[in-house]
Structures are given as structure tokens and as C-alpha cells.
Amino acid sequence: GNSVTQMEGPVTLSEEAFLTINCTYTATGYPSLFWYVQYPGEGLQLLLKATKADDKGSNKGFEATYRKETTSFHLEKGSVQVSDSAVYFCALSPNSGAGSYQLTFGKGTKLSVIP
Amino acid sequence: NAGVTQTPKFQVLKTGQSMTLQCAQDMNHNSMYWYRQDPGMGLRLIYYSASEGTTDKGEVPNGYNVSRLNKREFSLRLESAAPSQTSVYFCASSEGGSPNEKLFFGSGTQLSVL
């Protein structure tokens, strides 16, 4: 079956530090890949996505590149802010077959940014 | 913009009690979903409705039932609550029709079963 593995958290960084959150996946075919973010007390929001190999998703200074050869979709940001403190979820959606519209989520990585 | 609205926000139940979690979306979306979120487990799909009039089981459907009341509303029912159902429940919706589409989430219902 499909699965998503994220690095364990929590991650604590100082403001303006570089962020990487690792995500690898297992899936047949060519899934679409997503990063969702959950701010305290809120539901999840789509941060960025990529739908085919070598695509780069980007939003709000965050980037992730769909690497088919390493089955990875690592999230990066060059300079984090306190307002980036949240839980980040990597997810995949199979592009065909049964359950095509069902997201499989990783366990989430909590990021805390301190001033 | 309301988006996806869930009620209630918090609920405490005793083992064996029943309750219904309500969800409504105002974006004219075709697809709706119920997820549960547990510490260290990420989000797991309970049930989904690809379109009005259809519902299907997700990864963890046992102990739950759903009703797609109309295009806007998708409810989740616990017939006999158990402590293992203590969790945060999220409703979500999407336009429907594409595996690449964005999900819109409600703000969640925190449920405790004692």
C-alpha cells in the first residue's frame, strides 16, 4: 500500500535558520505529493504540491522538489520566522486506481521557531 | 468566507453514549471527507463521499457511520462511543474529480470518551 514517512519531531530552530523536513514515500505509479501545514488550534491548509517528477512546489518561501529517483519530497525554507511554528504534514495521492482521491498522510513534524 | 464548518468544537462522552458530528461546506464541493488525528499517527481517513449520494469506507471505518445529507452536509455518527475513539476529528471537502486537488479542512472537533 501507499505510505509516507516524515522525519521525527519536534524540530526547534532559531529565527532566520534554514529548515529541512524530510519526507519519503512508497507508492505505485506516479502519485501527486503535498505539504500541508496546521497552525495551533486550526485545521490543515495546503502549503504546496507537485504532481509529477522534478516538479518544484513553492509557497510563502517554502519549497519542495518531487524526486522520483529517491522517492522524496523534502520541505525547505531558507529563513524561518516565528510565525512558521506549526505542524507540517507530507501527503500523497495516487493518480490512478482505487482510492485515487484519498490522501495518505505522514505523521507530522512539529516545528517551533524561537526568536 | 465560512469554508468548512464543524460542530461541536469540543465534546466529552461517556463510554456507550452516541453522538453525531456535523460538517457543512459552502464552496459547492462534490467530495467530502472525515479524518481522525491522533498523536504520532498523522491523519487517517474514516469515511469519504466522492459525490452526493455516495459514501465509502476509508482506512479506519469501524465504529462509525456517515450520512451525506445533501451536497453541503456530511455527518459522522458514533453509535456507541469507546475510549479508543478519543481523538480530534476533521472534516474536509474538495471540488471532486481530480487526484491533485486541494482539500479544505474544518477547524476540528476534539472528542474525549471517558
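Here the structure is a predicted model, which means the values were calculated and not measured.

Rules used throughout
- Residues numbered from 1 in each chain as written.
- Chains lettered and ligands numbered in written order.
- Predicted model: local features only at pLDDT ≥ 70, side-chain atom pairs only at ≥ 80, totals over all residues.
- Heavy atoms only, no water.
- Helix = DSSP H or I, 4+ residues; strand = E, 2+ residues; numbered from the N terminus.
- Rg over C-alpha atoms; globule rule 2.2 N^0.38 Å.
- Buried < 20%, exposed > 50% of the residue type's maximum accessible area, 1.4 Å probe, protein only.
- Contact = heavy atoms within 4.5 Å.
- Areas by Shrake-Rupley, 256 points an atom, 1.4 Å probe, with all protein chains shown as cover.
- Lys, Arg positive; Asp, Glu negative; His and termini not counted.
- Charge placed at Lys NZ, Arg CZ, Asp CG, Glu CD.
- Salt bridge = Lys/Arg side-chain N within 4 Å of Asp/Glu carboxyl O.
- Polar contact = N/O pair within 3.5 Å; in protein donor to acceptor, adjacent residues only side chain to side chain.

Here's the deal with the overall build of chain A
A tally of helices and strands in chain A yields 0 helices and 12 strands. Along its sequence from the N terminus, chain A presents helices and strands in the succession β-β-β-β-β-β-β-β-β-β-β-β. In summary, chain A has a C-alpha radius of gyration of 14 Å against a globular reference of 13 Å for 115 residues, a match within 12%. The principal-axis extent of the C-alpha atoms belonging to chain A is close to 45 × 30 × 20 Å. In chain A, buried positions account for 44% of the 115 residues. Considering only contacts within chain A whose residues lie at least 6 apart along the sequence, 56% involve residues at least 24 apart. Only carbon and sulfur atoms are counted for the fraction: they give 49% of the accessible area of chain A, which is about 5,400 Å². Charge separation in chain A, taken as the distance between the mean sites of 9 positive and 10 negative side-chain charges, equals 6 Å.

Focus: the environment of Pro-115 of chain A
All names here are of chain A. Take Pro-115: it is sitting in the segment after β12 (109–114). Expressed as a C-alpha distance, the spacing of Pro-115 and Glu-16, which sit 99 residues apart in the sequence, is 8.9 Å. Residues in contact with Pro-115, not counting those within four places in the same chain, are Glu-15 and Val-82.

A few points about the side chain of Arg-68 of chain B
Residue and element names in this part refer to chain B. Topologically, Arg-68 is positioned in strand β7 (residues 64–68). Buried charged residue Arg-68 carries no salt bridge. Nearest counter-charge: Glu-52, at 6.2 Å. Polar side-chain contacts of Arg-68 include one of 2.7 Å to the side chain of Ser-49. One polar contact links the side chain of Arg-68 to the main-chain carbonyl oxygen of Lys-71, over a distance of 2.8 Å. Beyond its immediate chain neighbours, meaning those up to four positions away, Arg-68 contacts Gln-25, His-29, Asn-30, Ser-31, Met-32, Ser-49, Ser-51, Glu-52, Gly-53, Thr-55, Glu-73 and Phe-74.

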